Amino acid sequence: MSLPLTFVTITPKTKHTATVIFAHGLGDSGLEFSNNKEMRMIASQLPHIKWVFPNAPERSITAWKGDTRRRTSTRGWLDVLREPLIYSPEHDDIKEYDEGIIQSVMHLDAFIQSEINSGISEGRIVLGGFGQGGAISLITGLGGSQWRDTSDAKDGWKLGGVICLGGWLPMREKYKKRLSMHASTIPVFWGHGVQNESVTWGLSWESAKFIGDKLEVRYGQYTKVGEPGVSFMSYGVAHWMAESEMEDLRLFLKKVLPLEG
């Protein structure tokens, strides 16, 4: 099938039996993340996994308008309505914001469906991302049919796992109402830097706690990483990925996408 966005891949070194689709952050690209040293290390240690890094479409950023130091548009999965980044209940009611997110969900859905068409089952696919990529992965990976702009959309995916690094929930009430019937059965690895000023630790943790009545949310419980529910882990970095975080991510992937046969 034809995919809606350009992308970069890391091909598996052995028989392809699982896939990770990883969405970059605001202003980044799939190529940058595919060349990340830690990502490459994880890929080499899990040789049965194919990695796909889609490039987000160019979009205008509301918070950057009028700022001569910045471009008016960049690669992004959703708009940034204001800076510093905060959650506001008003965001749930902005039609254009909602429509932009739904468009990105449909784009990532196409990548998931492409892997399924190639013979990889839903349960052998993990969707994740960094920053905005983490936010859109939470929505796409755990969200139901209301996030899909089609009348015949299924009620979400039953994926092997979801990854959110340095991310947050752009919408809360609407997100909780739109969770899929499978959401509580999917393992989620949610890592965040305590020194992150772009997406503050507080914003991220409050996002995770908000859905705690729908999903099991665990803080710092290493022994339960890879089990259904959210494993929220903190690291001593800013808006990037710590080495220890990447090792925890490797262990998560090893558990949810084990080598077969």
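Residues numbered from 1 in each chain as written. Predicted model: local features only at pLDDT ≥ 70, side-chain atom pairs only at ≥ 80, totals over all residues. Heavy atoms only, no water.

*Asks:* So, the overall build of the chain: which residues are in play, and what are the values?
*Replies:* Secondary structure assignment for the chain yields seven helices and 10 strands. Expected size for 261 residues packed as a compact globule is a radius of gyration near 18 Å; at 17 Å, the chain falls within 12% of this value. A separation of at least 24 residues holds for 76% of the contacts in the chain among residues at least 6 apart in sequence. When the accessible surface of the chain is split by element, carbon and sulfur atoms take 50% of a total near 11200 Å². Here the chain carries 29 positive and 30 negative side-chain charges, and the mean point of each set is 4 Å from the other. (Helix = DSSP H or I, 4+ residues; strand = E, 2+ residues; numbered from the N terminus. Rg over C-alpha atoms; globule rule 2.2 N^0.38 Å. Contact = heavy atoms within 4.5 Å. Areas by Shrake-Rupley, 256 points an atom, 1.4 Å probe, with all protein chains shown as cover. Lys, Arg positive; Asp, Glu negative; His and termini not counted. Charge placed at Lys NZ, Arg CZ, Asp CG, Glu CD.)

*Asks:* Provide a residue-level description of the packing of helix α2 (residues 37–45) against helix α7 (residues 243–256), including the pertinent values.
*Replies:* Contact geometry of α2 with α7 gives a least axis separation of 10 Å together with a crossing angle of 25°. With respect to their mutual orientation, α2 and α7 come out roughly parallel. Crossing of α2 over α7 shows right-handed handedness. Residues Glu38, Met39, Ile42 and Gln45 of α2 pack against Glu243, Met246, Leu249, Arg250 and Leu253 of α7. (Axes fitted to C-alpha atoms, helices over the stretch in contact; angles between N-to-C directions. Parallel < 35°, antiparallel > 145°, perpendicular 65-115°, else oblique. Left-handed = near helix turned anticlockwise from the far one by under 90°.)

*Asks:* If you had to explain the nonpolar core to someone new, which residues and values would you point to?
*Replies:* In this structure, Trp77, Ile101, Leu138, Leu142, Trp147, Tyr175 and Trp190 are the most contacted members of the largest nonpolar core, which totals 49 residues. Of all elements in the fold, only β2 (18–23), α3 (95–117), β6 (125–130), α4 (132–142), β7 (161–165), β8 (187–193), α6 (201–210) and β10 (229–235) reach the threshold of two or more residues within this core. At seven residues, α3 tops the list of elements feeding residues into this core. Other than its neighbours up to four places away in sequence, tryptophan 147 contacts Asp98, Ile101, Ile102, Val105, Ile139, Met171, Lys174, Tyr175 and Arg178. (Core = buried A, V, L, I, M, F, W, Y, C linked by side-chain atoms within 4.5 Å. Buried < 20%, exposed > 50% of the residue type's maximum accessible area, 1.4 Å probe, protein only.)

*Asks:* I'd love a proper account of the packing of α3 against α4, names of residues and values included.
*Replies:* Their axes nearest at 9 Å, the elements α3 and α4 cross at an angle of 70°. As judged from the angle between their axes, α3 and α4 are roughly perpendicular. Between α3 and α4 lies a crossing of right-handed hand. Counted together, Ile101, Ser104, Val105, Leu108, Asp109 and Ile112 of α3 and Ile136, Ile139 and Thr140 of α4 form the full contact between these two elements. Considered class by class, the residues forming the contact of α3 with α4 number six nonpolar, two polar and one charged. (Nonpolar A, V, L, I, M, F, W, Y, C, P; charged D, E, K, R; others polar.)

*Asks:* Please set out the sheet that holds β2 residue by residue, giving values where relevant.
*Replies:* Strand order in the open sheet made by the eight strands is β1-β3-β2-β6-β7-β8-β10-β9, with mixed pairing throughout. The sheet is open, and its two edges are formed by β1 (7–10) and β9 (217–219), each paired on a single side. For this sheet, the mean inter-axis angle between neighbouring strands, taken without regard to orientation, is 15°. Relative to β8, β7 runs parallel, the two being bridged by four bridges. (Pairing = 2+ DSSP bridges.)

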